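# Architecture and fold: a report
Listed below are the residues making up each chain.
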Amino acid sequence: MASPADTADVRRHNTSLVLRQVAEAGVSSRADIRRATGLVSGSVTSIVADLLSRGLLVEPGDLVSTRGRPQRVVGLNSRRVVGLVATVVPGAVELEVTDLSGQPRWSRRRTYDERAHGSSALLTTLAEGLDEAWDAAAADRNAYVLGTVLIVPGTVAADSVMTDSIDLGLRNIDFQAELAPLLRYPHCLSVFNDGRLGALAEYQALPPAVSPHVMAYVFSGPLGVGGGLVLDNQLFRGQHGLAGEVGHVVVDKDGPECACGARGCLTLYLGTVALAGRVFGMPPEPSAAGEASRLLVAKANAGDERTLAVLADAGDALASAVSTMSHLTDLGAVVLGGDLALFRDWLLEPVNALAVSRARVNPRFWPKVEAARFGDRSPQTGAWLTLRERVLANPRVVPPMTAYTPR
Ligand SMILES: [Zn+2]
């Protein structure tokens with residue numbers, strides 16, 4: 001149990017303690033909060049009053065009886081704070097408005113011409129979409145728009161610059177600087193790599209029995225494989241933010257050439273378009289990857305030899321990459337997300353076969369392999385967790401309702 005801090009920012013810390021307690025425990029009386037946080041009664045009373053004034057807590061009006069005395073309870077007002085989440089994929093931007101409950105309240109997909117030269121088509125579409133999302137969020141006059149998370153399929157530096165995206169064919173875009181003149185609203189924008197956010201979400205969702213010190217998240221989408229590395233609940237970024245980029249672990253040095261400049265990268269064997277291309281003889285358009293992955297699962301279930309052989313190759317590639325990562329970081333768990341979760345039944349066989357052979361020498365050397373809890377929404381869940389944590393860590397970023405100018 002956390003104890004009250006005796007520091008200069010004691011008020012902020014204790015306010016965070018109280019809000020976090022109610023967010024985790026649900027509807028609570030002031031006495032419940034006092035017992036759980038160790039704060040004295042007067043502090044709890046004044047902090048609860050502060051959080052009520054900010055609209056972060058509400059009094060549902062229920063009375064609970066503790067030792068014969070009825071007490072008023074408070075609960076988290078999930079609708080008070082909303083965040084915008086924008087996901088960039090080749091040719092489209094997916095936008096959502098999410099509140100503290102994690103439920104998307106509004107969503108929209110906008111397409112852009114990915115064949116257009118440079119980044120202007122993407123930036124214009126993104127700016128229009130973000131402003132439309134802001135309008136949707138602000139339609140609830142009591143909702144405070146906390147910030148915007150932009151999820152990109154590329155490496156990111158300084159929470160703003162996408163240094164390189166092979167999927168988008170773009171590099172060195174400073175989203176904060178380049179979007180600012182195009183936006184009508186003052187978006188507080190943070191840019192994250194999709195795999196890193198997915199890794200964060202999946203780490204927090206692992207059951208306590210697994211709860212590893214080191215976890216790798218590996219996911220595949222239409223064009224390739226991404227991922228992230230989490231050490232003790234913290235993203236490990238590495239020197240330049242590249243850590244956990246498992247898609248470009250080399251699994252066959254004589255394999256085909258990869259857009260990253262290497263040969264035989266994992267992404268060439270596990271990306272959905274690449275898998276479908278090997279089975280059908282011609283890769284589908286990335287926009288048809290969803291349909292292609294469903295078809296692959298159906299063919300594998302029907303025992304189609306060609307499909308099973310391609311998936312066995314893909315499983316060997318995955319096993320090789322997991323082995324490399326395990327030797328380097330002593331992984332406790334590997335979580336397979338995106339389309340990899342769909343193909344899990346066929347991919348795991350080679351991974352487990354390698355595990356069995358290694359375990360003969362060192363029984364401790366092998367991570368648990370799990371399917372992603374959030375399916376293909378791990379990155380968006382990670383974005384929501386990031387925004388939620390910003391409020392729980394410092395509830396005073398949300399202004400009091402009375403001082404808040406309704407839009
Ligand atoms: Zn590569």
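Quick caveat: nothing in here was measured; it's all calculated off a predicted structure. (Residues numbered from 1 in each chain as written. Predicted model: local features only at pLDDT ≥ 70, side-chain atom pairs only at ≥ 80, totals over all residues. Heavy atoms only, no water.)

Let's shift gears to the sheet that holds strand S5 (residues 81–89). Sheets are built from strands that pair by backbone hydrogen bonding, the pairs being arranged parallel or antiparallel. Spatially, five strands are ordered S7-S6-S5-S8-S12 in an open sheet, and the strand pairing comes out mixed. What marks the edges here is a single partner per strand, and that holds for strand S7 (104–111) and strand S12 (189–193). On average, each strand axis in the sheet is inclined to that of its neighbour by 20°, with strand direction left out of account. The sheet contact formed by strand S6 (residues 92–99) and S7 spans seven bridges and is antiparallel. By the bridge assignment, Glu 94 is partnered in S7 with Arg 109. Docked against the sheet, helix H13 (residues 378–393) engages S5, S6, strand S8 (144–152) and S12, running at close to 145° with respect to S8. (Pairing = 2+ DSSP bridges. Helix = DSSP H or I, 4+ residues; strand = E, 2+ residues; numbered from the N terminus. Axes fitted to C-alpha atoms, helices over the stretch in contact; angles between N-to-C directions. Contact = heavy atoms within 4.5 Å.)

With that out of the way, let us pick up the domain arrangement of the protein. As assigned here, the protein comprises domain 1 (10–76), domain 2 (80–196 + 380–396) and domain 3 (207–372). Averaged C-alpha coordinates put domain 1 and domain 3 at centres separated by 45 Å. (Domains from an automatic or database assignment.)

Taken together, His 248 (ND1), Cys 258 (SG), Cys 260 (SG) and Cys 265 (SG) make up the protein donors of the zinc ion, found 2.0 to 2.3 Å from the metal. Seen from the zinc ion, its four donor atoms lie at angles of 105 to 119°, and the figure they make is tetrahedral. Of note, the zinc ion draws all its donor residues from one chain, in the sequence arrangement H-x9-C-x1-C-x4-C. Looking at Cys 258, the relative accessible area reads 8%, which means it is buried. (Donors = N, O, S within 2.8 Å, 3.2 Å for Na, K, Ca; no water. Tetrahedral: all angles 85-135°; square planar, octahedral: opposite > 155°, others 65-115°. Buried < 20%, exposed > 50% of the residue type's maximum accessible area, 1.4 Å probe, protein only.)

With eight of its nine residues buried, S5 lies for the most part within the structure. Bridging between S5 and S8 involves seven bridges; their strand directions are parallel. Each residue of the ladder has a partner; that of Val 81, found in S8, is Tyr 144. Two strands pair when backbone bridges link them, and S5 and S6 are joined in this way by eight bridges, in the antiparallel orientation. Bridging from a neighbouring strand, Leu 84 pairs with Val 97 of S6. Counted between consecutive antiparallel strands, the loop separating S5 from S6 contains two residues, among which Gly 91 sits at a positive phi close to 90°.

With that settled, the discussion passes to the pairing of S12. Extensive coverage of S12 is indicated by the burial of five of its five residues. Every second residue of S12 is oriented toward a common face, with Leu 189, Val 191 and Asn 193 on one face and Ser 190 and Phe 192 on the other, all of them buried.

Val 218, Leu 266, Leu 270, Leu 318, Leu 336 and Phe 343 are the most contacted members of the largest nonpolar core, which totals 40 residues. Counting residues per element, this core draws most heavily on helix H10 (residues 305–329), at nine residues. Excluding anything up to four places from it in sequence, Leu 318 contacts Val 218, Leu 266, Leu 270, Leu 336, Leu 347 and Val 351. Residues Val 88, Val 93, Leu 122 and Leu 170 belong to the second largest nonpolar core, which totals 32 residues. (Core = buried A, V, L, I, M, F, W, Y, C linked by side-chain atoms within 4.5 Å.)

Another aspect to go through is the side chain of Thr 386. Within the fold, Thr 386 resides in helix H13. In contact with Thr 386, other than residues within four places in its own chain, are Phe 192, Leu 197 and Leu 200.

Turning to the packing of aromatic side chains, a few remarks are in order. Across all of its chains, the model carries two aromatic pairs by this definition. Where Trp 134 meets Tyr 185, the ring centres are 5.1 Å apart and the plane angle is 10°; that geometry is what we call stacked. Here the residue Trp 134 occupies a position in helix H4 (residues 120–138), and Tyr 185 occupies one in the loop between helix H5 (175–179) and S12, the gap between them amounting to 51 residues. Taking 5.5 Å as the distance between ring centres and 10° as the angle between the ring planes, the aromatic pair formed by Tyr 217 and Phe 219 counts as stacked. (Phe/Tyr/Trp six-rings, centres within 6.5 Å; stacked < 30°, edge-to-face > 60°.)

This part covers the sheet that holds strand S13 (residues 214–220). If you trace the five strands from one edge of the open sheet to the other, you get S15-S14-S13-S16-S17, paired in mixed fashion. In this open sheet, the two edge strands, each paired with only one partner strand, are strand S15 (234–235) and strand S17 (368–371). As paired elements, S13 and strand S14 (residues 225–231) share seven bridges and run antiparallel to each other. Bridge pairing links Phe 219 to Gly 226 in S14.

Now for the pattern of salt bridges. Counted according to the given criterion, the structure contains 21 salt bridges. Salt-bridge contacts for Arg 30 lead to Glu 59; the nearest nitrogen and oxygen are separated by 3.1 Å. With Arg 30 in helix H2 (residues 30–37) and Glu 59 in the loop between strand S2 (57–58) and strand S3 (63–66), this residue pair connects regions lying 29 residues apart in the sequence. Among the residues examined, Glu 59 registers a relative accessible area of 36% and is labelled partly exposed. With a shortest N-O distance of 3.5 Å, Glu 257 and Arg 263 are connected by a salt bridge. What makes Arg 263 partly exposed here is its relative accessible area of 40%. Through salt bridges that share partners, Arg 108, Arg 110, Glu 128 and Glu 132 make up one connected network. (Salt bridge = Lys/Arg side-chain N within 4 Å of Asp/Glu carboxyl O.)

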